[in-house]
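Architecture and fold: a report
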Amino acid sequence: MIKNLSKTKSTSKTFSTTSMMLDQKLTPNNYYENWTDRAFMSVTWFKKFLVCESEALAELTGKWQSVRDVKALIVGNWLHSYFESKQAHEKFKDEHPESIAKRGPTKGQLKSDFKMADKMIKVLASDDDFNLLYQGDKEVIVTGEIGGYPWKGKIDCLNLKQGYFVDLKTTADIYKSYWNEEKRERESFVYAYNYQLQMAVYQELIKQQFGVTCKPYIVAVSKQDPPDKQAIDLPEYRLTNAMNQVLESQQHIQDVIKGEVEPTQCGRCAYCRSTKKLESVVSADDLLID
Ligand SMILES: [Zn+2]
């Protein structure tokens, strides 16, 4: 990590109204509104801060828009809406006319990414075991307090009666390995994307809201043709370690958000590249050393 050399102190007056915002209730309609991201910590934002504090802060305060794979996000939500309800899927389809080709020989048909998403949906929907597992309330909003700060989360499928919840994940290849430079080891997509942190936070929020400790499951479906699928559970020590990471890193992240501490820069992301100044010289021998 490279310390932020910039002398400009970030100020964020917007946070002074946090306690007032907490009186407002989270609903499916306002869940993704900007004020809720400032009033509640969420797994998405926490992971952004773990990756690059400078970029995350700039995005949270509206000074920067991160470069995201928007198409991948829409394709993922296409699949999620199907398993939420028929109504939710129809609404999502109506809201995304860009899924249908407007010209060429495939005019009027679904574009290839969405055809792929439909294949992924079919692979799960036609699996009896998946249908047995994916029973419960869908897209359940949960809130609670972790380490003294308010958090929010949205559970894909929550089965309180049987004590578990399920999160659907789309991924390139379930068995693909990712290199973790810090740990100097290969790891699966689950750990590469820190999904254990998401599962640990969701488990805690569900426990606080409903008084039930639920077992987390990931159901992964791959973007291969034909798609692969796998139900995955997480070893207990991974969930414990993830919750410890939240508790250890949270105060610093909150201090950064409040403008009390300078954010660190990762030095590699789009935001860091866009704000970089050619102010130092690095030996060629040290280029690959963090
Ligand atoms: Zn960065």
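Residue numbers here run from 1 along each chain, matching the order of that chain's written sequence. Reporting in this predicted model follows two pLDDT cut-offs: at least 70 for local features of residues, and 80 or more for side-chain atom pairs to be given and counted; totals over whole chains, interfaces and linings ignore these cut-offs and use all residues. Only hydrogens and water are removed before side-chain values are computed, so all heavy atoms of the structure are retained for them.

This brings us to the packing of helix α3 (residues 43-51) against helix α10 (residues 195-210). Under this scheme, a helix contributes an axis fitted over its contacting stretch, all axes are lines through C-alpha atoms, and angles between N-to-C directions fall in the 0 to 180 degree range. A run of DSSP states H or I qualifies as a helix once it reaches four residues; a run of E qualifies as a strand once it reaches two. Both are numbered from the N-terminal end. Between α3 and α10, the least distance of the axes is 10 Å, while the angle of their chain directions is 140°. Taken together, the axis directions place α3 and α10 in an arrangement best described as oblique. In this structure, the crossing between α3 and α10 has a hand that is right-handed. When α3 is examined against α10, the residues V43, F46, K47 and L50 are found in contact with a partner set consisting of Y195, L197, Q198, V201 and Y202. Across the contact of α3 with α10, the residue classes tally to 7 nonpolar, 1 polar and 1 charged. Angle categories: roughly parallel below 35 degrees, roughly antiparallel above 145, roughly perpendicular from 65 to 115, and oblique for all the rest. Put simply, a crossing is left-handed when the front helix is turned counterclockwise from the back one by less than a right angle, and right-handed when it is turned clockwise. The contact criterion used is simple: two residues touch if any of their non-hydrogen atoms lie within 4.5 Å. In this count, Pro and Cys sit with the nonpolar residues alongside Ala, Val, Leu, Ile, Met, Phe, Trp and Tyr, while Asp, Glu, Lys and Arg are called charged and the others, Gly among them, polar.

Each salt bridge in this description consists of a side-chain nitrogen of Lys or Arg and a carboxyl oxygen of Asp or Glu lying within 4 Å of one another. Under the counting rule described, the total for this entry stands at 13 salt bridges. Between K93 and E90 there is a salt bridge, with the nearest N and O atoms lying 4.0 Å from each other. With K93 and E90 both in helix α6 (residues 86-95) and 3 residues apart, the pair spans about one turn of that helix.

Here the focus is unusual backbone geometry. The step from D225 to P226 runs through a cis peptide bond, and the omega angle for that step is 0°. The residue P226 is located in the loop between β6 (215-222) and β7 (229-233) in this model. For R184, which is not glycine, the phi dihedral falls at a positive 55°. In this fold, R184 is placed in the loop between β4 (178-180) and β5 (185-187). You can call R184 exposed: its relative accessible area is 54%. Only protein chains enter the accessibility calculation, which uses a 1.4 Å probe; a residue is then buried when its area is under 20% of its type maximum, exposed when over 50%, and partly exposed in between.

Here the focus is the pairing of β7. Being paired, for any two strands, means DSSP has found at least two bridges between them. In this structure, β6 lies alongside β7, joined through 5 bridges in antiparallel fashion. Note that in β7 the partner of V219 across the bridge is A231.

Moving on, we come to the packing of aromatic side chains. Within 6.5 Å between ring centres, the rings of Phe, Tyr and Trp (the latter by its six-membered ring) count as paired, and their orientation is classed by plane angle as stacked under 30 degrees, edge-to-face over 60, tilted in between. Overall, the coordinates contain 14 aromatic pairs when judged by the stated rule. A centroid spacing of 4.9 Å and a plane angle of 85° characterise the contact between Y31 and Y32, whose relative ring orientation is edge-to-face. On the numbers, 5.2 Å between centres and 70° between planes, the contact of W64 with Y271 is edge-to-face. On the criterion of sequence distance, the pair formed by W64 in the loop between α4 (53-60) and α5 (70-84) and Y271 in helix α12 (residues 270-275) is long-range, its members being 207 residues apart.

On to the coordination of the zinc ion, then. Six octahedral donors around a metal ideally make angles of 90 or 180 degrees; four tetrahedral donors ideally make 109.5 degrees. A 2.8 Å cut-off from the metal defines N, O and S donors, relaxed to 3.2 Å for Na, K and Ca; water is not in the atom list, so some sites may appear incomplete. Bound to the zinc ion on the protein side are C52 (SG), C266 (SG), C269 (SG) and C272 (SG), at distances that span 2.3 to 2.4 Å. For the zinc ion, the 4 donor atoms in the first shell make angles of 105 to 116° at the metal, so the coordination geometry reads as tetrahedral. Sequence spacing of the donor residues for the zinc ion, all on one chain, is C-x213-C-x2-C-x2-C. Taking relative accessible area as the criterion, C272 reaches 4% and is therefore assigned buried. Here the metal geometry follows the donor angles, with tetrahedral for four donors whose angles all fall between 85 and 135 degrees, square planar for four and octahedral for six when opposite donors are more than 155 degrees apart and every other angle is between 65 and 115, and irregular for all the rest.

Turning our attention to the packing of α3 against helix α11 (residues 236-258). Two elements in contact, α3 and α11, have axes separated by 10 Å at closest approach and are oriented at 80°. It follows from the interaxial angle that α3 and α11 lie roughly perpendicular. Touching F46, F49 and L50 of α3 are Q245, V246, S249, Q250, I253, V256 and I257, all from α11. Residues of the contact of α3 with α11, tallied by class, amount to 7 nonpolar, 3 polar and no charged.

With respect to topology, 5 strands assemble into an open sheet ordered β1-β2-β3-β6-β7, the strand pairing being mixed. Looking at which strands have only one partner, the edges of the open sheet turn out to be β1 (137-146) and β7. In this sheet, adjacent strand axes meet at a mean angle of 40° when their direction is disregarded. Sheet topology places strand β3 (residues 164-171) next to β6; 8 bridges connect them, and they run parallel. Paired with Y164 across the strands is K215, a residue of β6. The sheet strands contacting helix α7 (residues 112-125) are β3, β6 and β7, and the helix crosses β6 at an angle near 130°. Each of β1, β2 (149-159) and β6 touches α11; the most contacted strand, β2, lies at about 140° to it.

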